[in-house]
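Structural features, examined
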Amino acid sequence: MRLRYPDTIRIIRVPCTGKVDLIHILRAFEKGADGVYVVGCMEGDCRFDNGNLRARKRVAQAQAILDKVGVGGERVKMFNLSSGEGPRFAEYAVEMTEKIEEMGPNPIKIAMQKAA
Amino acid sequence: MIVADKKPIEEIIDMVKGYQKILIAGCNECVTVCEAGGKKEVGVLASALRMYFMNEGKKIEVDEITLERQCDHEYLEEMRNSIDQYDAVVSLACGVGVQFMAEKYFGTPVYPGVNTCFMGVTEERGVWSERCQGCGQCILGKTAGICPISRCAKRLLNGPCGGSTQGKCEISKDLDCAWQLIIDRLKELDRLDEYEEIAPIKDWSTERAGGPRRVVREDVRQ
């Protein structure tokens, strides 16, 4: 398939998106990540029944917190696709990268650089 | 368990914004189960506060600790050696824990990170409801195991009232009439004759109306 997607993305593999906790998302931003997106299986197709539904809720919780602390909830997003949808994976990567580039860098990262 | 709900982050930020070094203290008991003040919630709140203050250009240090319980001396004592390095503590325990910490560490401001709500059950994940008001004179044996003090809006001892319609309370269509539940269960247990007994006037002095309460047990007291 040899699909290309932006090389700014670091993939963190998890056994199921249900493994992604709210604190994992927040820590990524605390450490300076500009954006985080969670890619889970299609809703209703979770091998563990509701892992991706839990992830969706946690992403929503992260969005609410990031909005309140001034980082911006739009920097985190949940996507769903099946394992056979490589092109869509690449599309989502481009979509998220463009979104983050439009928003600019994580303000925490800038504040950390200023403080250092 | 004691059920608590998270306070909005803005409220907590407002409480601690004047301090330089803050400790977020969670509790491993009830508030962990109701997902309001356990280790996970401590981590999330601490992370959110760090990001907020960093973004504001303020150098505020936020540390985390989660105690086994905040309502017992032995666990609160674990903080004895480190408490002095903090300007303030945000306790995510119930109101009991917050107060006990404030009593123990008199010179350190302690702020509540949750709103303590009631003694209740987990109906399903994310839904908790009240079951006990600690009235000090339990009558569950006479009411088929369903408490009219905590579950009837009027706390009626001889119910239901005229506001009970199709098993629901008049204050909300989502609220079961406690006395309907009691009658249904007495019927199920074939004890409906007990419903005919008029409950005497309750001694409310053991309830909160009698002032702050204590239990002293000389048989176990040291």
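The structure we're discussing is the one just above.
As a starting point, this report considers the structure included with it.

Definitions and cut-offs
Residues numbered from 1 in each chain as written. Chains lettered and ligands numbered in written order. Predicted model: local features only at pLDDT ≥ 70, side-chain atom pairs only at ≥ 80, totals over all residues. Heavy atoms only, no water. Pairing = 2+ DSSP bridges. Helix = DSSP H or I, 4+ residues; strand = E, 2+ residues; numbered from the N terminus. Axes fitted to C-alpha atoms, helices over the stretch in contact; angles between N-to-C directions. Buried < 20%, exposed > 50% of the residue type's maximum accessible area, 1.4 Å probe, protein only. 1 Å grid on protein atoms, 1.4 Å probe; cavity = no way out; pocket = protein on both sides within 12 Å on 5 of 7 lines; lining within 4 Å. Points joined across faces, edges and corners; volume = space filled by probe spheres on them. Nonpolar A, V, L, I, M, F, W, Y, C, P; charged D, E, K, R; others polar.

What follows deals with the sheet that holds strand 5 (residues 110-112) of chain B. Residues and elements named next belong to chain B. Here four strands make up an open sheet; going across it, the order is 3-2-4-5 and the pairing parallel. Each having just a single partner strand, strand 3 (61-67) and strand 5 make up the two edges of the open sheet. Pairwise comparison of adjacent strand axes, ignoring direction, gives a mean angle of 25° for this sheet. Bridging between strand 4 (residues 88-91) and strand 5 involves three bridges; their strand directions are parallel. Residue pairing for strand 5: Val89 is matched across the bridge by Val110.

Residue and element names in this part refer to chain A. Judged by how many residues are buried, strand 1 (residues 36-40) sits mostly within the fold: four of five residues are covered. Across five bridges, the pairing between strand 1 and strand 2 (residues 76-80) is parallel. For Val36, the partnering residue across the bridge sits in strand 2 and is Val76.

Below, the discussion takes up the layout of surface pockets. Estimates place the volume of the largest pocket at around 1,600 Å³. Put simply, the parts of the chain that give the lining of the largest pocket at least two residues each are helix 1 (22-30), strand 1 and helix 3 (86-103) of chain A. Here the lining of the largest pocket takes six residues from helix 3 of chain A, the largest share from any one element. Taken together, the residues of the lining of the largest pocket break down into 22 nonpolar, eleven polar and seven charged. Volume-wise, the second largest pocket comes out at about 1,000 Å³. Every residue lining the second largest pocket is counted, 36 residues in all, and those nearest its centre are Leu22 and Gln61 of chain A together with Lys6, Glu35 and Glu41 of chain B. Of all the secondary-structure elements, those providing two or more residues to the lining of the second largest pocket are helix 1 and helix 2 (51-68) of chain A together with strand 1 (2-6), helix 1 (9-16) and helix 3 (39-55) of chain B. Per-element accounting of the lining of the second largest pocket gives the leading share, nine residues, to helix 2 of chain A. Across the lining of the second largest pocket, the residue classes break down as 16 nonpolar, six polar and 14 charged.

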